[in-house]
Amino acid sequence: MSHDPHNGADGHHEIEMPHASMRDYTIGFILSVILTAIPFWLVMARPLDAGITAAIIMAFAAVQIVVHMVYFLHMTPKAEGGWSMTSLIFAIIVIVIMLAGSLWVMHHLNTNMMPLPHDLSQLP
Amino acid sequence: MSTTTLSAAEGLAPADEPVQFYELNEHPHPEGHSTMLGFWIYLMSDCLIFAILFACYAVLGGNYAAGPAPKDLFDLNLIALNTAMLLFSSITYGFAVLGMQQGKLRMTQIWLGVTGLFGAAFLAIELYEFAHLIHLGATPQRSAFLSAFFTLVGTHGLHVTFGIIWLVTLMVQLGKHGLVAANRRRVMCLSMFWHFLDVIWIGVFTFVYLMGMLR
């Protein structure tokens, strides 16, 4: 039956931990710096339209999150026998439903609200 | 485990032997064997807390109540500095993990200390920003935008605070017991927590600060 390969000579079980390497951290750090610096520069210098800038910085954020997951959090599909990835996918599904649902519902609520005077400070 | 059950599991059992769908023998469960996965699942639940706060901010972020808007309040230079602090603390934590893997206690402690200093610098800058906003009259009570802003960014800051408390505790534990199995596990858990906070910060600086300036 499944003999623990990490079973040491002294009978002490080593817990399986993700193996980190200098290479991973260096690649992750350099990519993060690039992926952070470009959005900041785009917003501070404004070489592009607001709409395009927004799309680009959102794309950069998504890529940077993946970079952090892979190089800093050592996520692999095989980590913890696949259970890490399974729980991550579950969390992402719930988050997408929650975010998209909230925005969708609240947008329709706002649209159907009674119009308010333009300047709210005029209200009693 | 006997060979009988093994072959039964593979569907090669002779017809006269009953197929077993359960195991009678106990597996060895080494101490802490499920800690990493359990901690990961905790992080996923923490992710849901932040997702709710992000959703609140996305819904309420435009309701200024004739008060100040992000453009009037945020200083991107300060946020860039803050982001750099957190990014540096991520790589220095990486060095601490590498030190631990090589069994170098002193190196692990030094890099953990450096990480803590970067984390403290991040917190100091954030508290300075909050104090500045409150001084300007942009308090959480001012508008729905500011309530959502302070809740989201403040919750992240609170996580960093607890991360630093944990880090100091871990340094004391490392000093007392060295790189024993339990401490190695703790270093890896805090590593996950710390890098996770950095991932949340990517969302904060992108959606709150950068998108706020574009509005």
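Residues numbered from 1 in each chain as written. Chains lettered and ligands numbered in written order. Predicted model: local features only at pLDDT ≥ 70, side-chain atom pairs only at ≥ 80, totals over all residues.

**Re the overall build of chain B**
Logical step 1: Counting secondary structure elements, chain B contains seven helices and zero strands.
Logical step 2: Element order for chain B, N to C, with α for helix and β for strand: α-α-α-α-α-α-α.
Logical step 3: The C-alpha radius of gyration computed for chain B amounts to 24 Å, which surpasses the reference 17 Å derived for 215 residues by more than 25%, pointing to a less compact arrangement than a globule.
Logical step 4: Within chain B, the fraction of its 215 residues that count as buried is 36%.
Logical step 5: Within chain B, contacts between residues at least 6 apart in sequence are counted, and of these 80% link residues at least 24 apart. (Helix = DSSP H or I, 4+ residues; strand = E, 2+ residues; numbered from the N terminus. Rg over C-alpha atoms; globule rule 2.2 N^0.38 Å. Buried ≥ 20, exposed ≤ 12 C-beta atoms within 10 Å, placed from the backbone. Contact = placed C-beta atoms within 7 Å.)

**As for the overall build of chain A**
Logical step 1: Helix and strand counts for chain A stand at three helices and zero strands.
Logical step 2: Ordered by position from the N terminus, the helices and strands of chain A form the series α-α-α.
Logical step 3: Taking all 124 residues of chain A together, the buried fraction comes to 16%.

**With respect to the confidence of the model for chain A**
Fine structural detail should not be taken from predicted coordinates in areas where pLDDT scores are low.
Logical step 1: Mean pLDDT over chain A: 83, with 80% of residues reaching 70 or higher.
Logical step 2: Across residues 1–13 of chain A, confidence stays below pLDDT 50; counting only partners more than four residues off in sequence or on other chains, it has 11 contacts. (pLDDT = per-residue confidence, 0-100.)

**Regarding the interface of chain A and chain B**
Logical step 1: Of the residues lining the interface, 43 residues belong to chain A; the matching set on chain B comes to 45 residues.
Logical step 2: Elements that contribute at least two residues to the side of chain A that touches chain B include exactly α1 (22–45), α2 (50–72) and α3 (83–111) of chain A.
Logical step 3: With 12 residues, α3 of chain A is the largest single contributor of residues to the side of chain A that touches chain B.
Logical step 4: Split by residue class, the side of chain A that touches chain B holds 30 nonpolar, 10 polar and three charged. (Nonpolar A, V, L, I, M, F, W, Y, C, P; charged D, E, K, R; others polar.)

**Some details on the environment of P77 of chain A**
Logical step 1: Along the chain, P77 of chain A turns up in the loop between α2 and α3.
Logical step 2: Residues within four places of P77 of chain A in sequence aside, it is in contact with G82 and M85 of chain A.

**Focus: unusual backbone geometry**
Logical step 1: Unusually for a residue other than glycine, E80 of chain A sits at a positive phi of about 55 degrees.
Logical step 2: Among the secondary structure elements, E80 of chain A is positioned in the loop between α2 and α3.
Logical step 3: Residue classification places E80 of chain A among the partly exposed positions, given that 18 C-beta atoms sit within 10 Å.
Logical step 4: In this structure, A65 of chain B is a non-glycine residue whose phi angle is positive, near 50 degrees.

**Some details on the domain arrangement of chain B**
Logical step 1: Split into domains, chain B comes out as domain 1 (1–30) and domain 2 (49–214).
Logical step 2: One C-alpha centre belongs to domain 1 of chain B, the other to domain 2 of chain B, and the line joining them spans 50 Å. (Domains from an automatic or database assignment.)

**Here's the deal with the nonpolar core**
Logical step 1: One finds F149, L152, F205 and V208 of chain B to be the most contacted residues of the largest nonpolar core, which totals 63 residues.
Logical step 2: Secondary-structure elements contributing two or more residues to this core are α1 and α2 of chain A together with α2 (35–60), α4 (76–101), α5 (105–135), α6 (144–177) and α7 (181–214) of chain B.
Logical step 3: Sorting elements by how many residues they give to this core places α7 of chain B first, with 18 residues.
Logical step 4: Setting aside residues up to four positions removed in sequence, L152 of chain B forms contacts with L53, F54, Y57, V204 and V208 of chain B. (Core = buried A, V, L, I, M, F, W, Y, C linked by C-beta atoms within 7 Å.)

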